[in-house]
Every structure is written in structure tokens, then in C-alpha cells.
Amino acid sequence: MSFALTETEEEALDQVIARARALHDGTGPVFTAAIVQDTRIVAVEANEVAETTDPTRHAEVVAIARAARALGSTDLSGSTLIASMQPCEMCLAAMRWAGIDRLVFAMTQDEAPDFFQFPQLRLEDYARATQDAFAWRGGVRIAEVRHIYGGSE
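Residues numbered from 1 in each chain as written. Predicted model: local features only at pLDDT ≥ 70, side-chain atom pairs only at ≥ 80, totals over all residues. Heavy atoms only, no water.

Here's the deal with the UniProt feature "domain: CMP/dCMP-type deaminase" (unreviewed entry) in the protein chain
The UniProt record marks residues 7-119 with the feature "domain: CMP/dCMP-type deaminase" (unreviewed entry), using the residue numbering of this structure. Secondary structure across residues 7-119 comprises 38% helix and 23% strand; the distance between its end C-alpha atoms is 33 Å. (UniProt positions renumbered as here; feature names shortened; annotations may be inferred. Helix = DSSP H or I, 4+ residues; strand = E, 2+ residues; numbered from the N terminus.)

A look at the packing of aromatic side chains
For the structure on display, the rule yields 5 aromatic pairs. Measuring from centroid to centroid gives 5.5 Å for Phe31 and Phe115, while their planes differ by 80 degrees, and the two rings are edge-to-face. With Phe31 in the loop between helix 1 (7-23) and strand 1 (32-37) and Phe115 in the loop between strand 4 (102-107) and helix 5 (123-129), this pair connects stretches of sequence that are 84 residues apart. Accessibility expressed as a relative area gives 16% for Phe31, which makes it buried. Taking relative accessible area as the criterion, Phe115 reaches 29% and is therefore assigned partly exposed. Three or more aromatic residues joined by ring pairs form one cluster here, namely Phe31, Phe115 and Tyr149. (Phe/Tyr/Trp six-rings, centres within 6.5 Å; stacked < 30°, edge-to-face > 60°. Buried < 20%, exposed > 50% of the residue type's maximum accessible area, 1.4 Å probe, protein only.)

Let's talk about the sheet that holds strand 2 (residues 40-46)
In space, the 5 strands of this open sheet follow the order 2-1-3-4-5, with mixed pairing throughout. The open sheet has two free edges, formed respectively by strand 2 and strand 5 (135-137), since each of these has just one partner strand. Ignoring which end each strand starts from, the neighbouring axes of this sheet average 15 degrees apart. Pairing of strand 1 with strand 3 (residues 79-85), which is carried by 5 bridges, proceeds in the antiparallel orientation. Bridge pairing in strand 3 links Ile35 to Leu81. (Pairing = 2+ DSSP bridges. Axes fitted to C-alpha atoms, helices over the stretch in contact; angles between N-to-C directions.)

Some points on the pairing of strand 2
The buried count for strand 2 comes to 5 of 7 residues, which makes it a mostly enclosed element. Both strand 1 and strand 2 contribute to a ladder of 6 bridges, which runs antiparallel. When the sheet's bridge partners are listed, Ala33 is paired in strand 2 with Glu45. Counted between consecutive antiparallel strands, the loop separating strand 1 from strand 2 contains 2 residues, among which Asp38 sits at a positive phi close to 55 degrees.

Focus: unusual backbone geometry
Across residues other than glycine, the phi torsion is negative in most instances, and most of the peptide bonds are trans. Within the chain, Asp38 stands out as a residue other than glycine whose phi angle is a positive 55 degrees. Under the relative-accessibility criterion, Asp38 is labelled exposed at 63%. Phi is positive for Asp132, close to 55 degrees, though the residue is something other than glycine. Relative to the helices and strands, Asp132 is located in the loop between helix 5 and strand 5. For Asp132, a relative accessible area of 51% translates into the label exposed.

Quick look at empty space enclosed by the protein
This model, assessed by the stated rule, comprises 1 cavity of 30 Å³ or more. Computed from the structure, the largest cavity encloses a volume of approximately 50 Å³. Taken together, Gln86, Pro87, Cys88, Glu89, Leu92, Gln109, Phe116, Leu121, Arg122, Leu123 and Tyr126 make up the full set of residues lining the largest cavity. Within the residue set of the lining of the largest cavity, elements represented by two or more residues are helix 4 (89-97) and helix 5. Considering only residue class, the lining of the largest cavity consists of 7 nonpolar, 2 polar and 2 charged. (1 Å grid on protein atoms, 1.4 Å probe; cavity = no way out; pocket = protein on both sides within 12 Å on 5 of 7 lines; lining within 4 Å. Points joined across faces, edges and corners; volume = space filled by probe spheres on them. Nonpolar A, V, L, I, M, F, W, Y, C, P; charged D, E, K, R; others polar.)

Here it is in C-alpha cells:
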């Protein structure tokens, strides 16, 4: 799916990629995500799985939770989720529960399939299952994060 990113989405992607690159120490991948609503970057977060020993604290889930708290609502309709990596199946579900209707990400499942628990479940399948409730664009600036996720050259 293709659409132009807004200026705020571009800025959030800059921050997400910069944070992922800054946190990457070569010992393993890091994941970062942001929530944009209108012209505001509401949250920019990183994965908290290791620090919290909670396997659900993916960057997207952390960003969704912090944005909901900051906005005082669990309804994030009209928001965009920006991520350094294509969101996993759990994060896609959280995105939909929050009502987020746009998704932008850098690294793709095709380039780094090892990060997905259900490799046969494609983003296209998920979008179709939600009756195309969200627009998405992936592989945006993928070259800037390829070294983090070990994607193919």
C-alpha cells in the first residue's frame, strides 16, 4: 500500500530510526516505535521486554500505552504507528484494539522473517481480516536499519 507520509510522520520515523541505531550495541536487535496524532508526536519508545521481564512489552505496545495515557483515552483513532520493524502479530492486534488506522515501518517481514512467530500470516492477510481498517506502508528507509535486523542486502 502506498501513501505519502506527513511531515510529522517523517519526523517520527527519523526519531524511531535514530533511537534504534543509538540503542543497537551489536549484541542483538532493538525495536523502537512512535505514535503520531495529527501534527504531534505523542510517544517515542523502545522495547522493554528485557528490563521488565515481560514478553509483551514490545516497543509498539509501550508506545501505544504511553500515548493512550498522554491523550487520556484508549481510542487512538486518527493516529499513526511508526516502527523500526514491521510489527509482529501481537502488536498488530494491539494497534487495532487502539483504533490506530495508519502504520509506517522500516524493516519488513520479508527481509527479516526470523522475528515472526507466525511466518505464514502476512500483513496483507491481517489487513484483509480487519476489512482493511488500516492503511500501511513498509520498507520505508529500510537501508538505515538493515544492519540492526540482519536483513538481506
